[in-house]
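One letter stands for each residue in the lines below.
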2 protein chains.
Amino acid sequence: MQKQHNLSKNQKIIFDLIDKSSEPLKAYSILFNVQKKGINAPLQVYRALDKLVEIGKIHKIESRNAFIACQNSSCQISKATAFSICESCEKVSEISNTKLSKYLSNFADEAGMKYSKYNLEFFGLCKKCKSK
Amino acid sequence: MQKQHNLSKNQKIIFDLIDKSSEPLKAYSILFNVQKKGINAPLQVYRALDKLVEIGKIHKIESRNAFIACQNSSCQISKATAFSICESCEKVSEISNTKLSKYLSNFADEAGMKYSKYNLEFFGLCKKCKSK
DNA sequence: TTGTAAATGTTATATTATTACATAGTGTTA
DNA sequence: TAACACTATGTAATAATATAACATTTACAA
Ligand SMILES: [Zn+2]
Ligand SMILES: [Zn+2]
Ligand SMILES: [Zn+2]
Ligand SMILES: [Zn+2]
């Protein structure tokens, strides 16, 4: 059973915006969009983003410095994430594949390192862009 | 047979610095370190970094905005990269594991997307930090 | 030797993210 | 309730990361 997090005012405003967006959003584009709701400073956005990432409601797409809502309710609090990114239209989807996540969660190399978290980003062309 | 790239002056200066570093280097730390060699502006650093990434001599650690030399001569021009990152001491190693790279290169999900590239970052504690 | 692509130099600016400090709300427990 | 700890907010300033625009030079092949 996952812990229930009651989002604060700013967190809710920012999560709702990201959640209803069809594409990853960047911090300053979020800021621009929530100014009418009284969020005026970058820090207010970054603080909410940090918290939302921490509790697993959103993920950061590292290669794009952008944020998307978690599309995978079983996502273990952002500890195991995989995305597909179209290099043409920049569409991003969260990959939910049990085999893949098991494979990666159990991966151990020779370096003797114990992994607690991973992030995987695949790049290519989405179906739509491929057929153009 | 891999194409031979003759590095230009700036590319060589910057590659040498990254290559002999024991940790990932950030762009502005590189800039600071090469100013005595006549490289004065961020853009000169970023241009060399872009080229070095493109030809696979270095990789960008996306979660850290930092660069390390490729430790894996068979790395297919930065198209398939995996790293282990210690969250305590920030040590980064490039993972060279044939099974893993085969698994990921052949991965195809249901979305019908053809991947041409991936980047994987594992996080955890390195051997040294684990035993502290 | 001339054309072309790659690389360089320089200035300015855009984008992304954090530090520092003051204040306010929320929930728990004495 | 009062005291406390913890989380969240507001605001200003600034740090860190990255790119745009333009002029010039170098490498090198046709
Ligand atoms: Zn998720
Ligand atoms: Zn696409
Ligand atoms: Zn490599
Ligand atoms: Zn370590």
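Cut-offs used in this document
Position numbers for residues start from 1 in each chain and track the written sequence from start to end. For this description, chains carry letters from A and ligands carry numbers from 1, given in the order in which they are written. Totals for whole chains, interfaces and linings use every residue, but because this is a predicted model, local features are given only for residues with pLDDT of at least 70 and side-chain atom pairs only at 80 or more, for both listing and counting. Values shown for side chains rest on all heavy atoms present in the structure; no hydrogens or waters enter the calculation. For Na, K and Ca the donor cut-off is 3.2 Å, while for other metals it is 2.8 Å, and in both cases only N, O and S atoms qualify; water is not among them, so sites may look incomplete. Only four donors with every angle between 85 and 135 degrees are called tetrahedral; only four or six donors with opposite donors over 155 degrees apart and all others between 65 and 115 are called square planar or octahedral, in that order; all others are irregular. Here a helix means four or more residues in a row that DSSP labels H or I, a strand means two or more in a row labelled E, and each is numbered from the N terminus. Categorising residues by exposure relies on relative accessible area from a 1.4 Å probe, with only protein chains included: less than 20% of the type maximum marks a residue as buried, more than 50% marks it as exposed, and the intermediate range marks it as partly exposed. An automatic or database domain assignment provides the domain bounds reported here. Here, two residues are considered to be in contact whenever any of their heavy atoms come within 4.5 Å of each other. A 1.4 Å probe defines the accessible area here, and the buried area is the portion of it lost by two parts on being joined, summed over both. Put simply, a salt bridge is a Lys or Arg side-chain nitrogen that is within 4 Å of an Asp or Glu carboxyl oxygen. As used in this structure description, the phrase polar contact means that two N or O atoms lie within 3.5 Å; if the pair is within protein, one of them must be able to donate a hydrogen and the other to accept it, and residues adjacent in sequence are counted only when both atoms belong to side chains. Amino acid classes used here: Ala, Val, Leu, Ile, Met, Phe, Trp, Tyr, Cys and Pro are nonpolar; Asp, Glu, Lys and Arg are charged; the rest, including Gly, are polar. Strand pairing is assigned whenever DSSP identifies at least 2 bridges connecting the two strands.

**Q** Help me understand the coordination of the zinc ion (ligand 4) in this model?
**A** The expected angle between donors at a tetrahedral four-coordinate metal is 109.5 degrees. At an octahedral six-coordinate metal it is 90 or 180 degrees. Residue and element names in this part refer to chain B. Binding of the zinc ion (ligand 4) to the protein goes through Cys 86 (SG), Cys 89 (SG), Cys 126 (SG) and Cys 129 (SG), at separations of 2.3 to 2.4 Å. Metal-centred angles of 106 to 113° between the four donor atoms at the zinc ion (ligand 4) mark the site as tetrahedral. Expressed as a motif, the donor residue spacing for the zinc ion (ligand 4) is C-x2-C-x36-C-x2-C. Of this pair, Cys 89 sits in the loop between strand E3 (80-86) and strand E4 (92-94) while Cys 129 sits in helix H5 (residues 127-130), and the two are 40 residues apart along the sequence. For Cys 89, a relative accessible area of 39% gives the class partly exposed.

**Q** Before we go on, may I ask you to explain the domain arrangement of chain A in this structure?
**A** The accessible area lost on association of the parts is a frequent measure of interface size. Residues and elements named next belong to chain A. The domains assigned to chain A are domain 1 (9-69) and domain 2 (80-130). Summarising the inter-unit geometry, the C-alpha centres of domain 1 and domain 2 are found 22 Å apart. Contacts between the two partners involve eight residues from domain 1 and, on the opposite side, 10 residues from domain 2. Where domain 1 abuts domain 2, roughly 730 Å² becomes buried across the two surfaces, and 57% of that area is made up of carbon and sulfur atoms. Of all residues in domain 1, the largest losses of buried area upon contact with domain 2 belong to His 59, Ile 61 and Arg 64, amounting jointly to 55% of the total for that side. There are one salt bridge connecting domain 1 and domain 2.

**Q** Sorry, what's going on with the interface of chain B and chain A here?
**A** At the junction of the two partners, chain B supplies 33 residues and chain A supplies 33 residues. Carbon and sulfur atoms supply 59% of the area that chain B and chain A bury against each other, a total of about 2900 Å² over both sides. Ranking the residues of chain B by area buried against chain A places Tyr103(B), Met113(B) and Phe122(B) at the top, with a combined share of 20%. On inspection of chain B and its partner chain A, the count reaches two salt bridges. Its salt-bridge partner being Glu87(B), residue Lys117(A) comes within 3.6 Å of it at the nearest N-O pair. The interface formed by chain B and chain A holds seven residue pairs in polar contact (both at pLDDT 80 or more) in total. Broken down by secondary-structure element, the contributors of at least two residues to the side of chain B that touches chain A are E3, helix H4 (98-105), strand E5 (114-125) and H5 of chain B. Examining the composition of the side of chain B that touches chain A, we find that 12 residues originate from one element, E5(B), more than from any other. Of the residues that constitute the side of chain B that touches chain A, the class distribution is 16 nonpolar, seven polar and 10 charged. Pairing of strand E5 (residues 114-125) of chain A with E5(B), which is carried by 11 bridges, proceeds in the antiparallel orientation. By the bridge assignment, Leu120(A) is partnered in E5(B) with Leu120(B).

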